[in-house]
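# Examination of the molecular architecture
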Amino acid sequence: MSPTPSPRTGAWFIGARGSVATTATAGALALRAGLAPAVGCVTELPELAAARLPGIGELLTGGHDIATDPLPKRAEELAAGGVLPGELARSLERELVDADRRIRPGAGPGGETQRAAARRIADDITAFRDRHGLDRVIVVDLSSTEPPAVSAPGLDDPERLEAALDAGASPLPLSSLYAYAAFRAGCPVVAFTPSPGPRLPALTALAERQGLPWAGSDGKTGETLIKTALAPMFATRALAVRSWTSVNLLGGGDGRTLADPANAVSKTRTKGQGLEAILGGPVAGPMHIDYVPDLGDWKTAWDLISFEGFLGTRMSMQFTWHGCDSALAAPLVLDLVRLTARAAEVGEAGPLAPLGFFFKDPAGTAVHDLAGQWRALTEWAGTTLAGGAAASGEPAR
């Protein structure tokens, strides 16, 4: 049996004690120990084998969170809800305790200026990288969804942003504060939520200036995944979609957050834009997101598609999706850490358009159909990522 490789890449989770982050941390530990197969990990498919990605065993997790319940307790709760196997949570308890020690207190409203918070966050990330001798750290936002950003002084330009922060202002949404701190620490960012994050103009410019890649936004794990696979069928068969009604029932922290209409705006916007892009314009039909506490970490979606065929014949299609949000999202988080780390290694900067395959609101590209996104991802992996190390004279791993 070959020895477990030493960690070389850090995965720094914002919301590190949340359901998705806990599942991703436990999953990485389980895969590293050979306790579970890599089901759901896109990066383990043969089509991406040429990309020369860091291995699962090379990942080390840490993060920020304002929650205080330790990871072993969160894993027990997820096991009780059927998200994690109970035996797996118990067998990884020591490793989860160690991982929990690498989680630092997060930022929140009040208590410190955004300038001070950004410095503290950046220092935490840098200390994590230096203490463990990591090549690089990928910061992944897994925190609660925020409302869309509103205009504020400094959000359009890096210099104006710095001046606003120096003056004691707090212009940044919390997700963008974390992205700013990550870029200042020299770290790429993955925006797995629909929150503003790194997409503010001042931050996209900062990432370019720092030569850092970033990916986002809003992980595509369930109903929208199906939509971006199904909608091209109607488009390429020249069938006129008259309406597409979507009802989403969510439990857990995500559902509780999205029960606030202001937060739900970010999610409904990203969920709806893929259909418009694929079908060529606005599509009638309501979209609901409703909180059902009893569902826990599970979500159910029901969609009704009304379409028109030859000579105006009316037809319809319905589907129901029932899935475990954390189990769907966690392997994609690990995929994105590995792919973004490799992109940074070969010198990519700015929005990583080929990673649009993973997102509802893909940065750097207008392509939304799943098959087209898959082609872009595999072509990029087989060319840019496959050749980067050799081209730079670095040894292949």
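The notes below deal with the structure included here.

Criteria and thresholds
- Each residue is numbered by its place in its chain's sequence as written, counting from 1.
- Only residues with pLDDT of 70 or above have their local features reported here, since the model is predicted, and side-chain atom pairs are shown and tallied only from 80 upward, although totals for entire chains, interfaces and linings are computed over all residues.
- Only hydrogens and water are removed before side-chain values are computed, so all heavy atoms of the structure are retained for them.
- When DSSP locates at least two bridges between a pair of strands, those strands are taken to pair.
- Helix numbers and strand numbers start at the N terminus; a helix is a DSSP run of H or I with at least 4 residues, a strand a run of E with at least 2.
- The angle between two axes is taken between their N-to-C directions and runs from 0 to 180 degrees, where each axis is a line fitted to C-alpha atoms and a helix contributes only its stretch in contact.
- Should an angle lie under 35 degrees it is considered roughly parallel, over 145 roughly antiparallel, and from 65 to 115 roughly perpendicular; all remaining angles are considered oblique.
- Crossings are sorted by hand: turned counterclockwise from the far helix by less than a right angle, the near helix makes the crossing left-handed, and turned clockwise it makes it right-handed.
- The contact criterion used throughout is that any non-hydrogen atoms of two residues lie within 4.5 Å.
- The nonpolar class holds Ala, Val, Leu, Ile, Met, Phe, Trp, Tyr, Cys and Pro. Asp, Glu, Lys and Arg form the charged class, and all remaining residues, Gly among them, are polar.
- Residues enter a nonpolar core if they are buried and are Ala, Val, Leu, Ile, Met, Phe, Trp, Tyr or Cys, with the set joined through side-chain atoms within 4.5 Å.
- To sort residues, take the accessible area from a 1.4 Å probe on protein chains only and compare it with the maximum for the residue type: under 20% means buried, over 50% means exposed, and anything in between is partly exposed.
- A 1.4 Å probe that fits but cannot get out identifies a cavity on a 1 Å grid over protein atoms alone, an open set with protein on both sides within 12 Å along at least five of seven lines counts as a pocket, and a residue lines either if it has an atom within 4 Å of a point.
- Grid points are joined across faces, edges and corners, and a volume is the space filled by probe spheres set on the points.

Reading across the sheet, the four strands line up as β8-β7-β9-β10 and stay open at both edges, with mixed pairing between neighbours. Both edges of this open sheet fall to β8 (287-291) and β10 (314-324), since each of them pairs with a single strand only. Averaged over all adjacent pairs, the angle separating strand axes in this sheet is 10°, with direction ignored. Direction of pairing for strand β7 (residues 240-250) relative to strand β9 (residues 298-308): antiparallel, over a ladder of 10 bridges.

This part takes up the packing of helix α7 (residues 174-184) against helix α8 (residues 201-210). Closest axis-to-axis distance for the α7/α8 pair is 10 Å, and the angle between their directions is 15°. Looking at the two axes, α7 sits roughly parallel to α8. Crossing handedness for the pair α7 and α8: left-handed. Here α7 contributes Ser 176, Ala 179, Tyr 180, Phe 183 and Arg 184 to the contact with α8, which in turn contributes Leu 203, Leu 206, Ala 207 and Gln 210. Taken together, the residues of the contact of α7 with α8 break down into six nonpolar, two polar and one charged.

Inside soluble globular proteins, nonpolar side chains tend to come together where they are buried. Core analysis: the largest hydrophobic core is formed by 57 residues, its most contacted members being Phe 13, Val 140, Phe 192, Leu 355, Phe 358 and Leu 377. Per element, the largest residue contribution to this core is 10 residues, and it comes from helix α12 (residues 325-345). Grouped together as the second largest cluster of nonpolar side chains are 35 residues, Ala 107, Ala 118, Val 137 and Tyr 178 included.

This part is about empty space enclosed by the protein. Per the counting criterion, the structure on display carries four cavities of 30 Å³ or more. Around the largest cavity, the lining residues are Ile 14, Val 139, Val 140, Asp 141, Ser 175, Tyr 178, Ala 179, Val 189, Ala 191, Gly 197 and Pro 198. Contributing elements (two or more residues each) for the lining of the largest cavity: β4 (136-141), α7 and β5 (189-191).

Once that is clear, we can look at α7. Extensive coverage of α7 is indicated by the burial of nine of its 11 residues. When we look at burial in α7, the residues that qualify are Ser 175, Ser 176, Leu 177, Tyr 178, Ala 179, Tyr 180, Ala 181, Ala 182 and Phe 183. In the stretch just after α7, Gly 186 is the one whose phi turns positive, near 80°.

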